[in-house]
Amino acid sequence: MVDLSLHILDVASNAFKANATLVKIDIEEKEEYIHITIEDNGCGMNEEELKKVTNPFFTSRTTRKVGLGIPLFKQTCEQTGGSLTITSEVNVGTCIDAWMNMHSIDAIPLGDIGESIFVLVTNPYDVDVVATIRFKEQEKVQFKLDTREIKIILDGVPFSEPTIMVWLKEYIKSNLS
Ligand SMILES: Nc1ncnc2c1ncn2[C@@H]1O[C@H](COP(=O)(O)OP(=O)(O)OP(=O)(O)O)[C@@H](O)[C@H]1O
Ligand SMILES: [Mg+2]
């Protein structure tokens, strides 16, 4: 994968298949490391599934036999000296905790995180998304988006409404810059 944003999009999308109603993405940029957590309240995995999940030949998908999302992300983190751990509980949810050393020669850039957040937020399953980003220069949370709050303001107008899509895209872009 060319950048972290695509890994985040890919791994967070697993929450949709897991029938989650909420997925939380937290990105914290430190001096040397970037710390990413992706948490959902979906179906979770039992111990056996959890053991197999970093193995590319384990997948519950039926269209092809190999699931690559998590193994690839884990490999990306580990090749920089970082790590990826998963905790999960059946009917409670799953949490992916990833560290990547940005000073490593094998680190990949964060990429267009705004675009990944936009795609996640406008998911057709109506799953709520909370995204938080703390960049290294700033002390406080620099970016926060919570679709539950936006839905209250929109009062029933769906995210798929073209004018809302345009507004969301602009909102994300301007809050990230
Ligand atoms: N958040 C999650 N909640 C429940 N199960 C999960 C979650 N993430 C992954 N899994 C389980 O682990 C398997 C492997 O996930 P992974 O993302 O590596 O591959 P995939 O989603 O099957 O395929 P790909 O990501 O390549 O499209 C999934 O098929 C699913 O069974
Ligand atoms: Mg996947």
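Reference entry: report on the structure contained in this document. (Residues numbered from 1 in each chain as written. Chains lettered and ligands numbered in written order. Predicted model: local features only at pLDDT ≥ 70, side-chain atom pairs only at ≥ 80, totals over all residues. Heavy atoms only, no water.)

## A few points about the overall build of the chain
Right, on to step 1. Secondary structure assignment for the chain yields 6 helices and 6 strands.
Right, on to step 2. Counting only C-alpha atoms and orienting by the principal axes, one finds that the chain spans roughly 40 × 40 × 25 Å.
Right, on to step 3. Going through the 177 residues of the chain one by one, you find that 43% of them count as buried.
Right, on to step 4. Counting only contacts in the chain whose residues sit at least 6 apart along the sequence, the fraction spanning at least 24 positions is 59%.
Right, on to step 5. As displayed, the chain has an accessible area near 10,000 Å², and 53% of this comes from carbon and sulfur atoms.
Right, on to step 6. Positive and negative charge centroids in the chain, built from 17 and 27 side chains respectively, lie 4 Å apart. (Helix = DSSP H or I, 4+ residues; strand = E, 2+ residues; numbered from the N terminus. Buried < 20%, exposed > 50% of the residue type's maximum accessible area, 1.4 Å probe, protein only. Contact = heavy atoms within 4.5 Å. Areas by Shrake-Rupley, 256 points an atom, 1.4 Å probe, with all protein chains shown as cover. Lys, Arg positive; Asp, Glu negative; His and termini not counted. Charge placed at Lys NZ, Arg CZ, Asp CG, Glu CD.)

## As for the side chain of Asp146
Right, on to step 1. Of note, Asp146 is situated in strand S6 (residues 143-146).
Right, on to step 2. Each residue touching Asp146, except ones within four places of it in the same chain, is listed here: Val129 and Val130.

## Things to note about the sheet that holds S6
Right, on to step 1. In spatial order, the strands read S3-S4-S2-S1-S5-S6; together these 6 strands make up an open sheet with mixed pairing. On the outer flanks of this sheet lie strand S3 (83-89) and S6, each paired with one strand and no other. Recorded for the sheet is a direction-independent mean angle of 5 degrees between the axes of neighbouring strands.
Right, on to step 2. Alignment of strand S5 (residues 128-134) against S6, held across 4 bridges, turns out to be antiparallel. Counted as the bridge partner of Thr132 is Lys144 from S6.
Right, on to step 3. Strand contacts of helix H5 (residues 147-154): strand S1 (22-29), S5 and S6, with the helix running at about 60 degrees to S6, the strand carrying the most contacts. (Pairing = 2+ DSSP bridges. Axes fitted to C-alpha atoms, helices over the stretch in contact; angles between N-to-C directions.)

## Let's talk about the pairing of strand S2 (residues 33-40)
Right, on to step 1. Here S2 lies mainly inside the structure; 6 of its 8 residues are buried.
Right, on to step 2. Where S1 lies against S2, 7 bridges are found, and the strand directions are antiparallel. Paired with Val23 across the bridge in S2 is Asp40.
Right, on to step 3. Taken together, S1 and the strand that follows it, S2, pair antiparallel across an intervening segment of 3 residues.
Right, on to step 4. Looking at chain direction, S2 and strand S4 (residues 93-101) are connected through 8 bridges and run antiparallel. Note that in S4 the partner of His35 across the bridge is Trp99.

## Considering the packing of aromatic side chains
Right, on to step 1. Under the definition given, this model contains 3 aromatic pairs.
Right, on to step 2. Taking 5.9 Å as the distance between ring centres and 85 degrees as the angle between the ring planes, the aromatic pair formed by Tyr33 and Trp99 counts as edge-to-face. In this pair, Tyr33 sits in strand S2 while Trp99 sits in strand S4, placing the two residues 66 residues apart along the sequence.
Right, on to step 3. Exposure remark for Trp99: the relative accessible area of 29% places this residue in the partly exposed category.
Right, on to step 4. The ring of Phe159 has Lys151 lying over it, and the distance from NZ or CZ to the ring centre is 5.9 Å. (Phe/Tyr/Trp six-rings, centres within 6.5 Å; stacked < 30°, edge-to-face > 60°. Lys NZ or Arg CZ within 6 Å of the ring centre and 35° of its normal.)

## Regarding unusual backbone geometry
Generally, phi is negative for residues other than glycine and the peptide bonds are trans, each holding for most cases.
Right, on to step 1. With phi around 65 degrees, Asn91 is a residue other than glycine that occupies positive phi space.
Right, on to step 2. A positive phi angle, near 50 degrees, is found at Asp155, a position not held by glycine.
Right, on to step 3. Secondary-structure assignment places Asp155 in the loop between H5 and helix H6 (162-176).
Right, on to step 4. For Asp155, a relative accessible area of 68% corresponds to the exposed category.

## Re the site of ligand 1
Right, on to step 1. Looking at ligand 1, there are 20 residues lining it, with Asn14, Asp40, Thr59, Ser60 and Arg61 nearest.
Right, on to step 2. Measuring from a nitrogen atom of ligand 1, one finds a side-chain N or O atom of Asp40 at 2.7 Å.
Right, on to step 3. Protein contact buries 91% of the 590 Å² of open area that ligand 1 shows by itself.
Right, on to step 4. Of all the elements in the fold, those that place two or more residues in the shell around ligand 1 are helix H1 (4-17) and helix H3 (69-78).
Right, on to step 5. In terms of residue class, the shell around ligand 1 is built from 8 nonpolar, 7 polar and 5 charged. (Near = heavy atom within 4 Å. Polar contact = N/O pair within 3.5 Å; in protein donor to acceptor, adjacent residues only side chain to side chain. Nonpolar A, V, L, I, M, F, W, Y, C, P; charged D, E, K, R; others polar.)

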